[in-house]
Number of protein chains: 2
Amino acid sequence: MNERPFHHGNLRAVLLDEAATVVRETGVDGLSLRDLARRAGVSHGAPRSHFADRQALLDALAVLGFERLTAAVRRALGTEGDLSVRFRAVARAYVDFAIDDAALMDLMFQAKTSGRAGSVPAAAGTLFGVLDDAMGPRVGAVDQEARDLFKLLFAATMQGIAALVASRRTDREQGYRLVDAATETMLGSELRERAVSDA
Amino acid sequence: MNERPFHHGNLRAVLLDEAATVVRETGVDGLSLRDLARRAGVSHGAPRSHFADRQALLDALAVLGFERLTAAVRRALGTEGDLSVRFRAVARAYVDFAIDDAALMDLMFQAKTSGRAGSVPAAAGTLFGVLDDAMGPRVGAVDQEARDLFKLLFAATMQGIAALVASRRTDREQGYRLVDAATETMLGSELRERAVSDA
DNA sequence: ACCTGAACACCGTTCAAGT
DNA sequence: ACCTGAACACCGTTCAAGT
């Protein structure tokens, strides 16, 4: 009678939790719905009640990843300091995430994933919005086009560095150095002057 | 008697060719060894004579991708012009490749792929070497650490932009604008002054 | 609403056997 | 050396049936 209600009401959460572990340990390829069901102690058909197919589960996983990364970025933006310090903190959050959850990072930023219409692009959009906020208020004077370009370039650079580190082509320390170099370079650029109102 | 010797001597090449098409059209997930064998008109066990397992075929595919990208980068470096023009050309080659072969690009730069020891990291290394050459001769005076940092940052930025475009989060035109902004920013940076001998 | 369990079609991989 | 074809274990997905 003391058996925890493993599969009553929270099967979805249990499956996602287990899936996150499997992905971290063995990569996305190592993840099977049947194995997940086995781990959760339910029949192999049960996951179907919560996810239309395997890709739907992967999408949900990616969304959770974006939410976690967004939270980490938000935390980083709370750092005391000027734009340079805060951007650096954001960039490090990216790198740390990429290292601790390399396979999930891949899943989140893969071309495949965002081919779909639904929730994954939305979650990615939220992350982007936070980055936008980090650039300070949009005053009418700033060049909106430059602002978008700057934001995209920042995101692309961070993701590129993160991917580099995640793929072990370089290590965490070098990743941090890259992050520092990138923020320094970008913040000292002419583009930034046009994009961001305050300094 | 006029039947082409489809599966005599060049099965390996045929399989890789077919695989490249499938990956482009349906992504890596849509690729199965048995289907490939079917397309080549051989039994499902035949591919085993050329590839130890599915991952070995994917690795070979990634290597071919790196070779093609390396060739494109080499071509771009042949462009007439100063460092700025040539870097921009390289960056555009990256973006074009990412658009035309988004799934292959993913495969090449995925964390998973480079976990392996063998030929994939080597092919990636060759691409890196070409980028290094693009920065001009190493004269003793330049800061080697700055040079490595600059090179990595350039590669990371290009790959980040390429990934952004490949995932359709932005379009080709915006990708080109990002490339221009990135090269301009990086070439005008203090890091570049320390990293590259000539201007 | 959620889960079970049989069924189906498809895989990757192994391996003895052929040529 | 290269390919065939049976065999095995494992999948994703569907669906009628249970509660």
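The following paragraphs examine the structure supplied in this document.

About the cut-offs
- Residues numbered from 1 in each chain as written.
- Chains lettered and ligands numbered in written order.
- Predicted model: local features only at pLDDT ≥ 70, side-chain atom pairs only at ≥ 80, totals over all residues.
- Heavy atoms only, no water.
- Helix = DSSP H or I, 4+ residues; strand = E, 2+ residues; numbered from the N terminus.
- Buried < 20%, exposed > 50% of the residue type's maximum accessible area, 1.4 Å probe, protein only.
- Axes fitted to C-alpha atoms, helices over the stretch in contact; angles between N-to-C directions.
- Parallel < 35°, antiparallel > 145°, perpendicular 65-115°, else oblique.
- Contact = heavy atoms within 4.5 Å.
- Nonpolar A, V, L, I, M, F, W, Y, C, P; charged D, E, K, R; others polar.
- 1 Å grid on protein atoms, 1.4 Å probe; cavity = no way out; pocket = protein on both sides within 12 Å on 5 of 7 lines; lining within 4 Å.
- Points joined across faces, edges and corners; volume = space filled by probe spheres on them.
- Near = heavy atom within 4 Å.
- Polar contact = N/O pair within 3.5 Å; in protein donor to acceptor, adjacent residues only side chain to side chain.
- Least-squares fit on C-alpha atoms with pLDDT ≥ 70 in both.
- Buried area = accessible area lost by both parts, 1.4 Å probe.
- Salt bridge = Lys/Arg side-chain N within 4 Å of Asp/Glu carboxyl O.
- Left-handed = near helix turned anticlockwise from the far one by under 90°.
- Phe/Tyr/Trp six-rings, centres within 6.5 Å; stacked < 30°, edge-to-face > 60°.
- Lys NZ or Arg CZ within 6 Å of the ring centre and 35° of its normal.

### Quick look at unusual backbone geometry
Residue and element names in this part refer to chain A. Positive phi, close to 60°, is recorded for Arg-168, a residue that is not glycine. Tracing the chain through its elements places Arg-168 in the loop between helix 7 (144–166) and helix 8 (172–187). Under the relative-accessibility criterion, Arg-168 is labelled exposed at 72%.

### Focus: the packing of helix 8 of chain A against helix 7 (residues 144–166) of chain B
Any two packed helices are characterised by how steeply their axes cross, that is the angle between the axes, and by the distance between the axes. Two elements in contact, helix 8 of chain A and helix 7 of chain B, have axes whose closest approach is 10 Å; the angle formed by their N-to-C orientations is 80°. When the interaxial angle is binned, helix 8 of chain A and helix 7 of chain B end up roughly perpendicular. Only Glu145(B), Leu149(B), Leu152(B) and Leu153(B) of helix 7 of chain B make contact with helix 8 of chain A, whose side of the interface consists of Gln174(A), Arg177(A), Leu178(A), Ala181(A) and Ala182(A). In terms of residue class, the contact of helix 8 of chain A with helix 7 of chain B is built from six nonpolar, one polar and two charged.

### Remarks on the layout of surface pockets
For the second largest pocket, the calculated volume is near 300 Å³. Lining the second largest pocket are 20 residues, and of these Thr185(A), Thr185(B), Gly188(B), Ser189(B) and Glu190(B) sit closest to its centre. Examining the composition of the lining of the second largest pocket, we find that four residues originate from one element, helix 8 of chain A, more than from any other. Residues of the lining of the second largest pocket, tallied by class, amount to six nonpolar, six polar and eight charged.

### Let's talk about the protein's contact with DNA strand D
In the vicinity of DNA strand D lie 18 residues, with Arg34(A), Arg38(A), Ser43(B), His44(B) and His50(B) positioned nearest. Here the atoms of DNA strand D within 4 Å of the protein split so that 54% fall in sugar or phosphate, with bases taking the remainder. Within the contact set of DNA strand D, a phosphate oxygen lies 2.6 Å away from a side-chain nitrogen or oxygen of Arg38(A). Ser43(B) has a polar backbone atom sitting 2.5 Å from a phosphate oxygen of DNA strand D. At three residues, helix 2 (residues 33–40) of chain A tops the list of elements feeding residues into the surface near DNA strand D. Among the residues making up the surface near DNA strand D, the classes are represented as four nonpolar, eight polar and six charged.

### Concerning the relation of the copies chain A and chain B
Of the transformation superimposing chain A on chain B, the axial component is 0.0 Å and the angular component is 180°, with the fit at an RMSD of 0.0 Å. What the superposition gives is, in effect, a two-fold axis relating one chain to the other. Comparing contact sets, 100% of the residues at the interface of chain A also lie at the interface in chain B, consistent with an isologous, same-surface contact.

### Some words on the environment of Gln110(A)
The topology assignment puts Gln110(A) in the loop between helix 5 (102–109) and helix 6 (119–134). When the C-alpha positions of Gln110(A) and Ala146(A) are compared, they lie 26 Å apart, and in sequence the two are 36 residues distant. When near neighbours in sequence (up to four residues on either side) are disregarded, Gln110(A) contacts Asp106(B), Gln110(B) and Ser167(B).

### Re the interface of chain A and chain B
Listed per partner, the contact involves 36 residues of chain A and 37 residues of chain B. Interface of chain A and chain B: buried area, both sides summed, is about 3000 Å²; carbon and sulfur atoms make up 63% of it. Looking only at chain A, the three residues that lose the most surface to chain B are Leu153(A), Arg169(A) and Thr185(A), adding up to 18% of its buried area. Our enumeration of links across chain A and chain B arrives at zero salt bridges. Listing elements by their share of the side of chain A that touches chain B, those giving two or more residues are helix 5, helix 7, helix 8 and helix 9 (190–195) of chain A. The element contributing the most residues to the side of chain A that touches chain B is helix 7 of chain A, with 12 residues. Taken together, the residues of the side of chain A that touches chain B break down into 18 nonpolar, 10 polar and eight charged.

### Concerning the packing of helix 1 (residues 11–26) of chain B against helix 2 (residues 33–40) of chain B
Residue and element names in this part refer to chain B. Two elements in contact, helix 1 and helix 2, have axes whose closest approach is 10 Å; the angle formed by their N-to-C orientations is 115°. In this structure, the crossing between helix 1 and helix 2 has a hand that is right-handed. From helix 1, Leu-11, Val-14, Leu-15, Glu-18, Ala-19 and Val-22 reach across to helix 2, where they touch Leu-36, Ala-37, Arg-39 and Ala-40. Residues belonging to the contact of helix 1 with helix 2 are distributed by class as follows: eight nonpolar, no polar and two charged.

### A short note on the protein's contact with DNA strand C
In the vicinity of DNA strand C lie 18 residues, with Ser43(A), His44(A), His50(A), Arg34(B) and Arg38(B) positioned nearest. The contact in question runs from a phosphate oxygen of DNA strand C to an N or O atom on the backbone of Ser43(A), over 2.5 Å. Take Arg34(B): an N or O atom from its side chain is 2.5 Å from a base nitrogen of DNA strand C. Tallying contributions element by element places helix 2 of chain B first for the surface near DNA strand C, with three residues. Tallied by class, residues from the surface near DNA strand C come to four nonpolar, eight polar and six charged.

### Topic: the packing of aromatic side chains
Residues and elements named next belong to chain A. One pass over the full model with this rule turns up six aromatic pairs over all chains. With a centroid separation of 5.4 Å and 70° between ring planes, the pair formed by Phe-66 and Phe-109 is classed as edge-to-face. Taken together, the residues Phe-66 in helix 3 (residues 54–77) and Phe-109 in helix 5 connect sequence positions 43 residues apart. Each member of the pair, Phe-66 as well as Phe-109, is classed as buried. Through a chain of ring-to-ring contacts, the aromatic side chains of Phe-87, Phe-150 and Phe-154 assemble into a single cluster. Its guanidinium or amino end placed over the ring of Tyr-176, Arg-92 lies 4.2 Å from that ring's centre, counting from NZ or CZ.

Nothing here speaks to function; it is geometry throughout.
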